[in-house]
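Survey of secondary and tertiary structure
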Amino acid sequence: MRGRCTSPPRSPGPTKELTLNADPAVQLRLLDVQAVDQRLDQLAHRRKTLPEAAELETLAAEHSRLRDAEVVAGTVVADLEREQKRADTEVEQVRARKDRDQKRLDAGQVSSAKELESLQSEIASLNRRQGVLEDAEIEIMERLEEAQNQAAALAADRDSVAKKAQEVQAARDAAWAQIDEDAASGRAERETLVAGIPADLLALYEKIRADRGGIGAAALRQRRCEGCMMQLDAAELVRIRGLAPDVVVRHDECRRILVRTPESGL
Ligand SMILES: [Zn+2]
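Everything quoted here is computed from the prediction, not taken from an experiment.

**Examining the pairing of strand β1 (residues 217-221)**
The element β1 is extensively covered by neighbouring structure, given that four of its five residues are classed as buried. Direction of pairing for β1 relative to strand β4 (residues 257-260): parallel, over a ladder of four bridges. Looking at the pairing, Ala 217 lines up with Ile 257 of β4. Across two bridges, β1 lies against strand β2 (residues 224-225) in antiparallel orientation. Bridge pairing in β2 places Arg 221 opposite Arg 224. In this antiparallel pair of consecutive strands, β1 and β2, the connection spans two residues, and Gln 222 shows a positive phi of 50 degrees.

Pasting the structure below:
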């Protein structure tokens, strides 16, 4: 806790705070720094909110959804293939047994009427059984074909999503590269601009900029602060008119550095 006796006396009003002085040309240069900083902020924002990046995320989610669906579809296909094989074996077994019976019948090996009747009845029953099994197998095959088609469609969809993602990624990377290049040139420009600005003025600018949505210095044009877009009132205009050109002015309303320009309307 700061004691009352050790803290500096509080200024009664914003206009009484410590004033900085800087050559008017230097103050104007601060506006150039502000313009570059805004451009850099916009580039950083664009980099973060690039539509290609958002689209790529959507595509990645879609790709992963399709891959999961493909795994499920693949399992269904494998199950049905097994089921079909089993059904096929069952049909084959019935057919083989029926053929054997038929051969016995055709060869005239069966002499007793009772045995003949039993054999014929078995053949009839095997025929019915074969019909049922074949119907079931056809149904399995239809389901298998459908599942295979679905798996193939999912694979094709995933391929096209992957292809699209590649294109979007290339576009995003190109956009990022362009942004990074622009930002690098902006930073270089800024370095040149700030070289001639006194450290205390730059520090004040940076502090206000951080507090005030990225704008620390604004031009006074047509009696308006271009930082907050407010018209200055008559009293403030009188106050500013009375200040030496090298005094660093701050807008009473938004506290930004207000840089006088030939179009200030003072
Ligand atoms: Zn303002």
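**Section: the coordination of the zinc ion**
Those protein atoms acting as donors to the zinc ion are Cys 225 (SG), Cys 228 (SG), His 251 (ND1) and Cys 254 (SG), and they sit at 2.1 to 2.4 Å. Note that the zinc ion binds four donor atoms; their angles at the metal cover 97 to 118 degrees, and the shape is tetrahedral. For the zinc ion, all donor residues lie on one chain, and their spacing in sequence is C-x2-C-x22-H-x2-C. With a gap of 26 residues between them, Cys 225 in strand β2 and His 251 in the loop between β3 (249-250) and β4 connect regions that are remote in the sequence. With relative accessibility at 0%, the residue Cys 225 sits in the buried group.

**Focus on the UniProt feature "domain: CT398-like coiled coil hairpin" (unreviewed entry) in the protein chain**
Within the UniProt annotation, "domain: CT398-like coiled coil hairpin" (unreviewed entry) is assigned to residues 33-213. Helix makes up 92% of residues 33-213 and strand 0%, and the two end C-alpha atoms of the span are 15 Å apart.

**Description of the sheet that holds β4**
Here four strands make up an open sheet; going across it, the order is β2-β1-β4-β3 and the pairing mixed. On the outer flanks of this sheet lie β2 and β3, each paired with one strand and no other. With two bridges joining them, β3 and β4 adopt antiparallel strand pairing. From the neighbouring strand, Arg 250 faces β4, where its bridge partner is Ile 257. Across the face of the sheet, helix α4 (residues 199-211) comes into contact with β1, β3 and β4 while running at roughly 120 degrees to β4.

About the cut-offs
- Residues numbered from 1 in each chain as written.
- Predicted model: local features only at pLDDT ≥ 70, side-chain atom pairs only at ≥ 80, totals over all residues.
- Heavy atoms only, no water.
- Buried < 20%, exposed > 50% of the residue type's maximum accessible area, 1.4 Å probe, protein only.
- Helix = DSSP H or I, 4+ residues; strand = E, 2+ residues; numbered from the N terminus.
- Pairing = 2+ DSSP bridges.
- Donors = N, O, S within 2.8 Å, 3.2 Å for Na, K, Ca; no water.
- Tetrahedral: all angles 85-135°; square planar, octahedral: opposite > 155°, others 65-115°.
- UniProt positions renumbered as here; feature names shortened; annotations may be inferred.
- Contact = heavy atoms within 4.5 Å.
- Axes fitted to C-alpha atoms, helices over the stretch in contact; angles between N-to-C directions.

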